[in-house]
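Structural overview
Here is what each chain is made of, one letter per residue.
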Amino acid sequence: MEGDVMDKVEATATVRDFDPISGSIPATKVEITVSCRNLLDRDTFSKSDPCKFSAFTMIIAAQIFLREILLRIWFFGRTEVIDNTLNPDFVRKYILDYFFEEKQNLRFDVYDIDSKSPDLAKHDFLGQVFCTLGEIVGSPASRLEKPLGGIPGKKCGTVILSAEELGNCRDYATMQFCANKLDKKDFFGKSDPFMVFYRSNEDGTFTICHKTEVVKNTLNPVWEPFSIPVRALCNGDYDRTIKVEVYDWDRDGSHDFIGEFTTSFKELCRGQNQLNVYEFALVSPASAVMTLTSLFLKGNPSQSTSLHYMNPYQMNAYAMALKAVGEIIQDYDSDKMFPALGFGAKLPPDWRVSHEFPLNGNVDNPYCNGMEGILEAYHQSLKTVQLYGPTNFAPVVNHVARYAAAVQDGSQYFVLLIITDGVISDMAQTKEAIVNAAKLPMSIIIVGVGQAEFDAMVELDGDDVRISSRGKVAERDIVQFVPFRDYMDRTGNHVLSMARLAKDVLAEIPDQLISYMKSRAIKPNPVPVYSPSDEPPTNPV
């Protein structure tokens, strides 16, 4: 997802946050949304492709604790490019510190992008507008509309700037949708549908917050899972109306409206059930429906709503699963050193999403000393990384498979333990990785935590139907899946819960190991013959 500055800043500051030593000034975080209307058409055969380039000049003069602070800060940002339209609504947002008592100058330049060159001098300038952040915030409903200028004798259109104060919600949601029996919009084909999400505003208008990818030539699309900050959808207000529109994509930008429905994040959090099957309004045929197939909420580990919540008095489900399985597995490892990897998070300093990162932060040496070392690395990583989707399993499976592929003589056997909330974004790639790994000396244990539906995990477990990919069936069943919630003791006895989990989750490992050895005709080493001479001499009395 682009435009994730919001992921790296705190939501709201107060006077108590001011540090007189560093000169840190408390501020309110506001999110700026940008749209344009009636842009100047510079393209001969198609409409302009606008990209807004923003140079924010902020001059702050504040006198706090008898200290006068003067800061000049330049922000440079760029929206995404929207093809073939003179009325773009940009999805990417800008997060700015708002100081009521200061004049904060902003400038917005609009360009028609004609090539992939990052040099704006090679693109058509469409106009610019100047304003202050205070103008936007102080406008009715915090919505400012100003004419574009900068090209003499030309009407360049208008820019619409909206501001909203950001709440403290730092949660992320990963969700997936599908649709059935959509309207056929293309003459020679079916439809190329995509979804657009909007959050409602107090004045009854809506602000765009997400667009999905286009699924080509189908009336029954299944969109890829996507992750989005909850505050982008509803700014932390779970009852706030969310509108979803579906369009048929057209190359010329004149996308055909298929239908729409409204919901709320509170409703979406119910997950996959009949309440999250939506009929379209103003659409034909009437049988068309949209379905939420999965939703997972990734919360701040410091908040009790998160599955990763670090309760000072008891372990969370992830830690309990690690400890329950790991303390038994580690007895079969000679040096008790284990590589521990995380997936589905943004890593500092550039905050790129990673699906294969060492929990201890050491790329060259991801090994942790015993279960205590793994748990310590896990807790430390929660303080440094930012949980983020999508959730991909294949990179971690392939990572362990590379180790297993290097030692196929029977001297070593690898067990990969995956602890997950049940959301998986790369099902096809994971299936292929497991099929390839089935011929290697390794097993995979998957423990599901939380209350999500684990249909995808059950599918990976080949107990009933052996997993396959690209027409190739796995050589062995190497995956064992269990949902941790099925083993939770009702009296709250976590020791008993962990013992029950470990017993079932490890039950298939011996047979999986033996099946690999037999498939490679690897026989056990002969048992050493005992001889009295092997005993050390005793001291004579």
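Structure: see above.
Residues numbered from 1 in each chain as written. Predicted model: local features only at pLDDT ≥ 70, side-chain atom pairs only at ≥ 80, totals over all residues. Heavy atoms only, no water.

1. Structural notes on the packing of aromatic side chains
Note the threshold: When two rings of Phe, Tyr or Trp (its six-membered ring) have centres within 6.5 Å they constitute a pair, described as stacked for plane angles under 30 degrees, edge-to-face for angles over 60, and tilted for the intermediate range. Either the NZ atom of lysine or the CZ atom of arginine qualifies as a charge over a ring when it sits within 6 Å of the ring centre and within 35 degrees of the ring normal.
Applying the stated criterion across every chain yields a total of eleven aromatic pairs. Ring pairing ties together the aromatic residues F177, F197 and F226, which thus form one cluster. Across from the ring centre of Y198, 5.2 Å away, lies the NZ or CZ of K243, which sits over that ring. The side chain of K243 reaches across the aromatic face of F206, ending 4.4 Å from its centre.

2. Let's talk about the sheet that holds strand β12 (residues 226-229)
Put simply, the rule reads: DSSP calls a pair of strands paired once it identifies at least 2 bridges connecting them. Each helix is a run of H or I in the DSSP string that is no shorter than four residues. Each strand is a run of E no shorter than two, and both are numbered from the N terminus. Fitted lines through C-alpha atoms serve as axes, helices being fitted only where they are in contact, and the angles separating the N-to-C directions of these axes extend from 0 to 180 degrees.
Strands sit in the order β12-β9-β16-β15 across an open sheet of four strands; the sheet is antiparallel. Here the strands that pair on one side only, and so sit at the sheet edges, are β12 and β15 (277-279). Strand-to-strand twist of the sheet, defined as the mean angle between neighbouring strand axes without regard to direction, takes the value 35 degrees. Bridge count between β15 and strand β16 (residues 289-298): three bridges; the pairing is antiparallel. Counterpart to V277 in the pairing with β16 is T291.

3. Points about the sheet that holds strand β13 (residues 241-248)
As a general point, the strands of a sheet are linked pairwise by backbone hydrogen bonds and lie either parallel or antiparallel. Pairing is antiparallel in the open sheet, where four strands are placed in the order β11-β10-β13-β14. Each having just a single partner strand, β11 (206-211) and β14 (256-264) make up the two edges of the open sheet. Between one strand and the next, the sheet's axes are offset by a mean angle of 25 degrees, whatever the strand orientation. In the sheet, strand β10 (residues 193-200) pairs with β11 via five bridges, with the strands oriented antiparallel. The partner of Y198 across the bridge, within β11, is I208.

4. A word on the nonpolar core
Selection rule: Nonpolar cores were defined as sets of buried Ala, Val, Leu, Ile, Met, Phe, Trp, Tyr and Cys residues, with membership established by side-chain atoms within 4.5 Å. Relative accessibility under 20% of the residue-type maximum defines a buried residue, over 50% an exposed one, and the middle range a partly exposed one, all with a 1.4 Å probe and only protein chains included. Any two residues having at least one pair of non-hydrogen atoms within 4.5 Å are treated as being in contact.
Judged by nonpolar contacts, the single largest core of 34 residues is most densely connected at I374, I445, V447, F484, L501 and V505. The set of elements that each furnish at least two residues to this core consists of α4 (317-329), α5 (370-384), β25 (442-448) and α9 (494-505). A total of seven residues in this core trace back to one element, the largest contributor, which is α4. Beyond its immediate sequence surroundings of up to four residues, I374 is in contact with L322, F338, A340 and C368.

5. What about the pairing of strand β5 (residues 104-112)?
The element β5 is extensively covered by neighbouring structure, given that seven of its nine residues are classed as buried. In terms of strand pairing, β5 meets strand β6 (residues 124-132) through eight bridges, oriented antiparallel. In the sheet register, L106 faces β6, and the bridge partner there is C131.

6. Brief notes about the pattern of salt bridges
Our working definition: Within this document, salt bridges are pairs made up of a side-chain nitrogen of Lys or Arg and a carboxyl oxygen of Asp or Glu, the two lying within 4 Å of each other.
All chains considered together, the criterion is met by 19 salt bridges. For K323, the salt bridge is made with E327, and the minimal N-O distance between the two is 2.7 Å. With K323 and E327 both in helix α4 and four residues apart, this pair spans about one turn of that helix. A salt bridge links R470 to E432, with the shortest nitrogen-to-oxygen separation between them at 3.2 Å.

7. Overview of unusual backbone geometry
Note that the residue after P348, namely P349, is joined by a cis bond; omega there is 5 degrees. Note that P349 resides in the loop between β19 (345-347) and β20 (352-354). Its identity as a non-glycine residue notwithstanding, N38 has a phi of 55 degrees, on the positive side. Mapping N38 onto the fold places it in the loop between β1 (28-37) and β2 (50-64). With a phi angle near 60 degrees, K181 is a residue other than glycine that sits in the positive phi range. With relative accessibility at 52%, the residue K181 sits in the exposed group.

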